[in-house]
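These are the residues of each chain, in order.
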Amino acid sequence: MPLVDKHILSILRCPNSGETLSVADGELITLLNQRILDGQVHDATGESVGDVIDGGLINESATWLSPVHGRIIDLNPTDAIDLHTLALSNSEPQDDSND
């Protein structure tokens, strides 16, 4: 079962940039969770993200990630994970068009 229905994903937008969203790949989520545990990940307010995530939706420019906890997508703009300041080599959005 996909993280989010394709129809729903097609109408969702990044709460910070207004860009379309795609499902972040597992490698990015694993890397973010490692950095969350190390205290290196911050949200839109600059606060450290304290809880690991189960997934995420990333905007087109790969600058913001809306976290997913369980199967609940958090689209609160202040909870978005700021990818601007993280040097992530695999922060490209995943193409889910073949699902």
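Residues numbered from 1 in each chain as written. Predicted model: local features only at pLDDT ≥ 70, side-chain atom pairs only at ≥ 80, totals over all residues. Heavy atoms only, no water.

Examining the overall build of the chain
Secondary structure assignment for the chain yields two helices and five strands. Listed N to C, the secondary structure of the chain is α-β-α-β-β-β-β in terms of helices and strands. Taking all 99 residues of the chain together, 41% fall into the buried category. For the chain, contacts bridging at least 24 residues in sequence account for 57% of all contacts bridging at least 6. For the chain, the exposed area adds up to about 5500 Å²; of that, 49% sits on carbon and sulfur atoms. (Helix = DSSP H or I, 4+ residues; strand = E, 2+ residues; numbered from the N terminus. Buried < 20%, exposed > 50% of the residue type's maximum accessible area, 1.4 Å probe, protein only. Contact = heavy atoms within 4.5 Å. Areas by Shrake-Rupley, 256 points an atom, 1.4 Å probe, with all protein chains shown as cover.)

Brief notes about the pairing of strand 3 (residues 64–69)
For a regular strand, side chains alternate in direction, first toward one face of the sheet and then toward the other. Counting buried positions over the six residues of strand 3 gives five, a clear majority of the element. One ladder, built from four bridges, connects strand 2 (residues 55–59) with strand 3; its direction is antiparallel. Bridged to Gly-55 within strand 3 is Val-68. Hairpin connection, strand 2 to strand 3: the antiparallel pair is bridged by four residues, and Ala-62 has positive phi, about 55 degrees. Pairing of strand 3 with strand 5 (residues 81–82), which is carried by two bridges, proceeds in the antiparallel orientation. Residue pairing across strands places Trp-64 opposite Asp-82, the latter belonging to strand 5. Linkage of strand 3 to strand 4 (residues 72–73), two consecutive antiparallel strands, is achieved through a turn of two residues, within which Gly-70 is found at a positive phi near 70 degrees. (Pairing = 2+ DSSP bridges.)

A short note on the confidence of the model for the chain
Averaged over all residues, the pLDDT of the chain equals 88, while 86% of them reach at least 70. Across residues 89–99 the pLDDT falls below 50, and counting only partners more than four positions away or on other chains, this stretch makes 22 contacts in the model. (pLDDT = per-residue confidence, 0-100.)

A few points about the nonpolar core
Leu-32, Val-41, Ile-53, Ile-58, Leu-65, Ile-81 and Leu-83 are the most contacted members of the largest nonpolar core, which has 14 residues in total. Here this core takes four residues from helix 2 (residues 26–37), the largest share from any one element. Apart from residues no more than four positions distant in its own chain, Val-41 is found in contact with Leu-32, Arg-35, Ile-36, Glu-47, Ser-48, Val-49, Ile-81 and Leu-86. Listed in part, the nine residues of the second largest apolar core include Leu-9, Val-23, Leu-57 and Trp-64. (Core = buried A, V, L, I, M, F, W, Y, C linked by side-chain atoms within 4.5 Å.)

Digging into helix 2
With twelve residues, helix 2 ought to run about 16 Å at 1.5 Å a step, and its terminal C-alpha atoms sit 17 Å apart, in line with that. Within the sequence span of helix 2, burial applies to Leu-28, Ile-29, Leu-31, Leu-32, Asn-33 and Ile-36. In the core, the buried residues of helix 2 are packed alongside strand 2, strand 3 and strand 5. A side-chain oxygen of the first residue of helix 2 lies 3.1 Å from the backbone nitrogen of Glu-27; this N-cap is Asp-25. Just beyond helix 2, the residue with positive phi is Gly-39, at close to 75 degrees. (Expected span 1.5 Å × (residues − 1). Polar contact = N/O pair within 3.5 Å; in protein donor to acceptor, adjacent residues only side chain to side chain.)

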